[in-house]
Amino acid sequence: MFSLVILLSFLAISADADFFQFDSISNVSTYYFNYIYCNIWEGDCQPHQDDATQQGLCNTPLFSVPTGDIWSGFPQYYSGMLTAWYCSLGQCCDSGDCRITNNITGLEKDLLVKLHGQHLVQSVVLKAIQGFIKNPESNKPLTLSFHGWSGTGKNFVARIVADNLYRDGIKSECVRLFIAPFHFPHARLVDVYKGQLREAIRDMVLRCPQTLFIFDEAEKLHPGLIDAIKPYMDHYDNVDGVSYRRAIFLFLSNIGGGAINEVALDFWHSGQNREDIGMEDLEHLLRAEAMEAEGGFAQSELMSGHLIDFFVPFLPLEYRHVKLCARDAYAARGLQPDEGTLDEVAKAMLYVPKEEKLFSAQGCKSIPQRINFFLP
């Protein structure tokens, strides 16, 4: 901050007195104070308060500083100095939008290293998103539907996707999370929710060229609510003058968990490897169960209109996968537990069938809380 004050003072002395507009200078100073406070000191600040500004900065051809007119007659030498200083803070980018990173390599690595026991998810999610990102002429938004038991990693994968496609991850202003029971709790207000949801999606698409919408507990959404946004996921050039073709929709649901578990158990009983389970063994079952299930998600036109591109099955986790989750949870706390400790944590989970102690009934969701009981 001190260097910024010195630089601005030097520039003020070097320029004509009538060049500066003090209200604009105040805006510049406020911006840099907000940036340093929020990002270097990590103080409390309004989320995304700098994103809209930064979006304009990234597209500025000569230098990346806020506001416009006060820099019009600025000597190029001083502009270069200010540009170098500003970019040293990591606020410049070549992509045209600093908020969007589309790190497919990082996505592949995270799915491989951080996600355990989900070979189908690793393959399908990576291929779907990679294909969508590399095809700017896609004729519809990408719509994925995640299915499986609670704790198998649906929310975790959604976060991995957000972390690798956007600079600020799940907190990005290009990402919006909706939790059905929390955001849309009352069936009698569905008409109000329709308007709010349409407005939220339209506003985000207008503000961000590539958006990610996550609907958690999608089976609890009212059918009319999903149908209200169905046009945004369909094969339209635009809806009311706005194109939604660069949007990504993720629906997270427990629907189909039973069918997925039965297939996994059948493979185990027959002596086949878990990794031999393919999409051809599950996708048609998920489509059928989703069509027959109760709840708004299944009854919506997403199903009848075949607008979901991929049904992604999350398999139940085995004992060995739970141990890996426990290892990761310890590592996140800077700890390196021995095998005995990992076994103790894994044994504390519930499994089905009980007599065989095969699949974890809780997945990895409660592992971080469980390890608290084993810490000294």
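Before reading further, recall that the structure is shown in the block above.
Here's what I pulled together on the structure shown here. (Residues numbered from 1 in each chain as written. Predicted model: local features only at pLDDT ≥ 70, side-chain atom pairs only at ≥ 80, totals over all residues. Heavy atoms only, no water.)

### So, the pattern of salt bridges
What the rule picks out here adds up to 18 salt bridges. For Glu 173, the salt bridge is made with Arg 207, and the minimal N-O distance between the two is 3.2 Å. On the criterion of sequence distance, the pair formed by Glu 173 in the loop between α7 (154–165) and β2 (175–179) and Arg 207 in helix α9 (residues 190–207) is long-range, its members being 34 residues apart. Residue Glu 173 is classed as buried on the basis of its relative accessible area of 11%. (Salt bridge = Lys/Arg side-chain N within 4 Å of Asp/Glu carboxyl O. Helix = DSSP H or I, 4+ residues; strand = E, 2+ residues; numbered from the N terminus. Buried < 20%, exposed > 50% of the residue type's maximum accessible area, 1.4 Å probe, protein only.)

### Some remarks on the sheet that holds strand β3 (residues 211–216)
Taken together, 5 strands build an open sheet; the order of strands is β2-β3-β4-β1-β5 and the sheet is parallel. Each edge of the sheet is formed by a strand with only one pairing partner; in this case those strands are β2 and β5 (310–314). Direction aside, the axes of adjacent strands within the sheet are offset by 15° on average. Packing against the sheet, helix α6 (residues 119–133) makes contact with β1 (142–148), β4 (247–253) and β5, and its axis sits at approximately 150° to β5. (Pairing = 2+ DSSP bridges. Axes fitted to C-alpha atoms, helices over the stretch in contact; angles between N-to-C directions. Contact = heavy atoms within 4.5 Å.)

### Points about the packing of helix α5 (residues 104–114) against α6
One can describe the packing of α5 onto α6 by two numbers: an axis separation of 10 Å at closest approach and a directional angle of 170°. What the angle tells us is that α5 and α6 run roughly antiparallel. Note on element contacts: α6 touches α5 through Gln 122, Val 125, Leu 126, Ile 129, Gln 130 and Ile 133, opposite Ile 104, Leu 107, Glu 108, Leu 111 and Leu 112. Grouping the constituent residues of the contact of α5 with α6 by class yields 8 nonpolar, 2 polar and 1 charged. (Parallel < 35°, antiparallel > 145°, perpendicular 65-115°, else oblique. Nonpolar A, V, L, I, M, F, W, Y, C, P; charged D, E, K, R; others polar.)

### Overview of the side chain of Glu 318
Mapped onto the elements, Glu 318 comes out in the loop between β5 and α15 (319–332). At a separation of 2.9 Å, a polar atom in the side chain of Glu 318 contacts the side chain of Arg 320. Not counting chain neighbours up to four residues away, the residues in contact with Glu 318 comprise Arg 274, Leu 358 and Phe 359. (Polar contact = N/O pair within 3.5 Å; in protein donor to acceptor, adjacent residues only side chain to side chain.)

### A closer look at the packing of aromatic side chains
Ring pairs (aromatic) are described by centroid distance and by the angle formed between their planes. Evaluation of the coordinates by the stated rule reveals 8 aromatic pairs. Centroid distance Phe 178 to Phe 215: 5.0 Å. Interplanar angle 20°. Geometry classified as stacked. Separated by 37 residues along the polypeptide, Phe 178 in strand β2 and Phe 215 in strand β3 bring together distant segments of the chain. The pair Phe 178 / Phe 215 is uniform in exposure class, with both members buried. Centroid distance Phe 215 to Phe 251: 5.0 Å. Interplanar angle 15°. Geometry classified as stacked. Here Phe 215 is found in strand β3, whereas its partner Phe 251 is found in strand β4, with 36 residues between them in sequence. Overall, Phe 215 belongs to the buried group, its relative accessible area being 1%. Here Arg 246 stacks its cationic end above the ring of Phe 132, 4.1 Å away from the centre of that ring. (Phe/Tyr/Trp six-rings, centres within 6.5 Å; stacked < 30°, edge-to-face > 60°. Lys NZ or Arg CZ within 6 Å of the ring centre and 35° of its normal.)

### Concerning the state of the cysteines
Enumeration according to the criterion identifies 2 disulfides in this entry. Each sulfur in the disulfide pair Cys 174 and Cys 208 lies 2.0 Å from the other. Torsion about the S-S bond of the Cys 174 and Cys 208 cystine: about 95°, corresponding to right-handed handedness. Within this pair, whereas Cys 174 is found in the loop between α7 and β2, its partner Cys 208 is found in the loop between α9 and β3, the two being separated by 34 residues in sequence. In this structure Cys 208 comes out as buried when scored by relative accessible area, which is 1%. (Disulfide = S-S within 2.5 Å.)

### Points about α5
Restricting attention to buried positions, one finds in α5 the residues Ile 104, Gly 106, Leu 107, Asp 110 and Leu 111. For α5, the arc enclosing every buried residue in end-on projection is 155°, short of the 170-degree limit, so these residues lie on one face. When the buried face of α5 is taken as reference, the exposed residues oriented beyond 90 degrees from it are Thr 105, Lys 109 and Leu 112. Buried residues in α5 make contact with α6 and α7. (Arc of directions from axis to C-beta.)

### As for helix α16 (residues 339–347)
Along α16, the residues that are buried comprise Leu 342, Val 345 and Ala 346. End-on view of α16: buried residues confined to an arc of 95°, all on one side of the axis. On its buried face, α16 is in contact with α15, β6 (351–352) and α17 (367–370). At the N-terminal end of α16, a side-chain oxygen is found 3.2 Å from the backbone nitrogen of Gly 340, two or three residues along, and the residue is Asp 338.

### Section: the nonpolar core
Val 125, Ile 129, Phe 146, Val 157, Leu 212 and Leu 250 are the most contacted members of the largest nonpolar core, which has 51 residues in total. Here this core takes 9 residues from α6, the largest share from any one element. Ignoring anything within four residues of it in the chain, the contact list for Val 125 reads Leu 111, Phe 146, Val 157, Val 161 and Val 312. Membership of the second largest hydrophobic core comes to 27 residues, among which are Ala 200, Ile 201, Leu 221 and Val 242. (Core = buried A, V, L, I, M, F, W, Y, C linked by side-chain atoms within 4.5 Å.)

### Digging into the pairing of β1
The buried count for β1 comes to 7 of 7 residues, which makes it a mostly enclosed element. Residues Leu 142, Leu 144, Phe 146 and Gly 148 of β1 are buried on one face, and the alternating residues Thr 143, Ser 145 and His 147, pointing to the opposite face, are buried as well. Across 6 bridges, the pairing between β1 and β4 is parallel. Note on β4: the bridge partner recorded for His 147 is Ser 253. Bridging between β1 and β5 involves 5 bridges; their strand directions are parallel. Bridging from a neighbouring strand, Ser 145 pairs with Phe 311 of β5.

Treat this as a map of the structure, not an account of what it does.
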